Amino acid sequence: MSTAKKTSLELFRLRKTLMTLADKEGRGTELVSVYVPPGKQISDVINMLRDEYGTASNIKSSTTRKNVMDAIVKVQQRLKLFKEAPETGLVIFCGAIPQNGPGSERIETYVIIPPEPINIYLYRCDARFHTEHLQEMLREKETYGILLVDSSQATLATLQGRRLEIVREMTSGVPGKTRAGGQSARRYERLRDMRLQEYFSRVGRYANETFLPIENFKGLILGGPGPTKLDFEKGDYLNYMLKDKIIDTIDTSYVEEQGVKEVVEKAPEIMRKVRYIEEKKIMQQFLYEIGHDTGMVTYGEEDVRRALESGAVRTLLLSEGLDIVRATLKCNACSYQEQQTVKGQMLTSFEQSLSGKPCPKCNAPSLGIAETQDLIENFAQLAEYTNAEVEIISGETEEGQMLKNSFGGIAAILRFRAQG
Ligand SMILES: [Zn+2]
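Below you will find a few notes about this structure. In this text the structure is predicted, and so the values were computed from the model without any measurement.

A positive phi is found at Asn 216, a non-glycine position, where the angle reads about 55°. At Asn 363, a residue that is not glycine, the phi angle is positive and equals roughly 70°. Tracing the backbone through its elements, the reader meets Asn 363 in the loop between α10 (347-354) and β14 (367-374). In this structure Asn 363 comes out as exposed when scored by relative accessible area, which is 57%.

Laid out in structure tokens, this is it:
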């Protein structure tokens, strides 16, 4: 599976973990976060932690002191498992988390190897885990171009994560509109149009040179006050490949840096929109195949599982927030084992319903849940074995809602026609 295709699932997993971690709270200032960038000597990090351990011995509250010191030791132990920092670095979160009210704390440790290099060296001891740098990294993968244009000025900028760079500012040299009438006014307007077209060509050329070579270029946002940007868009000033990448056109009050900042403020919304457009496209293909009865799609847990197992799935579509669990039941009296699919919220009552139920093999009332796995994870693993792409589809689009409500949140586009 290429990295690009793996992304949606990998990011989904990491995002989910980070969301859980960000919600965790310590009783005091006792949760440790350690970021180790690639190339950093592990022994340096362990030495740094030794100093922090010394500092922690001065903490007044005995519970907090013990918890911090325990966490530091745990992190050191984990670090010792690495000869060197992985290529993308290493992040460890560790601390005493209350499980069920005060006094129920248990040390939890999370080791995360980021999907991309994390270039930050950091130790923090706080009442929460510092997940924000990883969360930022999730946003930092792609670059967006910003092009602001009106008849007097143009600004080109790039936005990667939160890093904004003004690449070029240009003035048009086009004189303002004349208010006079008559013969000379028409000549003046013709001249002005020519100058405007020259200026647009210049802006287009710089935009092509600036944005086209960028790797992971996700899209171009066109802005500026008034309708000039639309005239510019309609004309043949941008290379068609760049034109294809225009994701949004927005009104800004300014064309200079201030205008760029206006765009950046709206950027998160725009980026979400980009993903929604991707999701819509994928879903529309699925719905097309369904509508035309091509036999190249399937849906529902059982059919999709079968298709996955036979290697027939090209793209697996899963609804985000699919609350379904794959439970492995085991009999404690014999070796009997089976798997069942249960709604996440029904898991407790399902487990209760097992007590007293006879085992299908030996009849002993000894069935219990041995293991549970999120259905998304379960399917994602099956997909990985057969190089199927995985797309996690949000419920934010009409099509995404359809996947969830009409197709049980599980569907697949196939490589070859299903049998039967
Ligand atoms: Zn049994």
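Pairing is antiparallel across the open sheet formed by four strands, whose spatial order is β3-β2-β1-β4. The sheet terminates laterally at β3 (105-112) and β4 (122-126), the two strands that pair on one side only. Across this sheet, the average inter-strand angle for adjacent strands is 10°, counted without regard to direction. Strand direction decides the pairing type here: strand β2 (residues 90-98) and β3, joined by eight bridges, are antiparallel. Residue pairing in the sheet places Cys 94 in a bridge with Thr 109 of β3. With respect to the sheet, helix α3 (residues 62-80) is in contact with β1 (31-36), β2, β3 and β4, its orientation differing from that of β2 by roughly 145°.

The final tally for this structure, using the stated rule, is nine aromatic pairs. Taken together, a centroid distance of 5.4 Å and an interplanar angle of 75° make the contact between Phe 200 and Phe 232 edge-to-face. Separated by 32 residues along the polypeptide, Phe 200 in helix α5 (residues 183-211) and Phe 232 in helix α6 (residues 228-234) bring together distant segments of the chain. The exposure classification of Phe 200 matches that of Phe 232, with both residues buried. Through pairs of rings, three or more aromatic residues link up here, namely Tyr 199, Phe 200, Phe 232 and Tyr 237. Above the ring of Tyr 206, the side-chain terminus of Arg 168 is found at 3.7 Å from the ring centroid.

Reading guide: rules and limits
Residues numbered from 1 in each chain as written. Predicted model: local features only at pLDDT ≥ 70, side-chain atom pairs only at ≥ 80, totals over all residues. Heavy atoms only, no water. Helix = DSSP H or I, 4+ residues; strand = E, 2+ residues; numbered from the N terminus. Buried < 20%, exposed > 50% of the residue type's maximum accessible area, 1.4 Å probe, protein only. Pairing = 2+ DSSP bridges. Axes fitted to C-alpha atoms, helices over the stretch in contact; angles between N-to-C directions. Contact = heavy atoms within 4.5 Å. Phe/Tyr/Trp six-rings, centres within 6.5 Å; stacked < 30°, edge-to-face > 60°. Lys NZ or Arg CZ within 6 Å of the ring centre and 35° of its normal.

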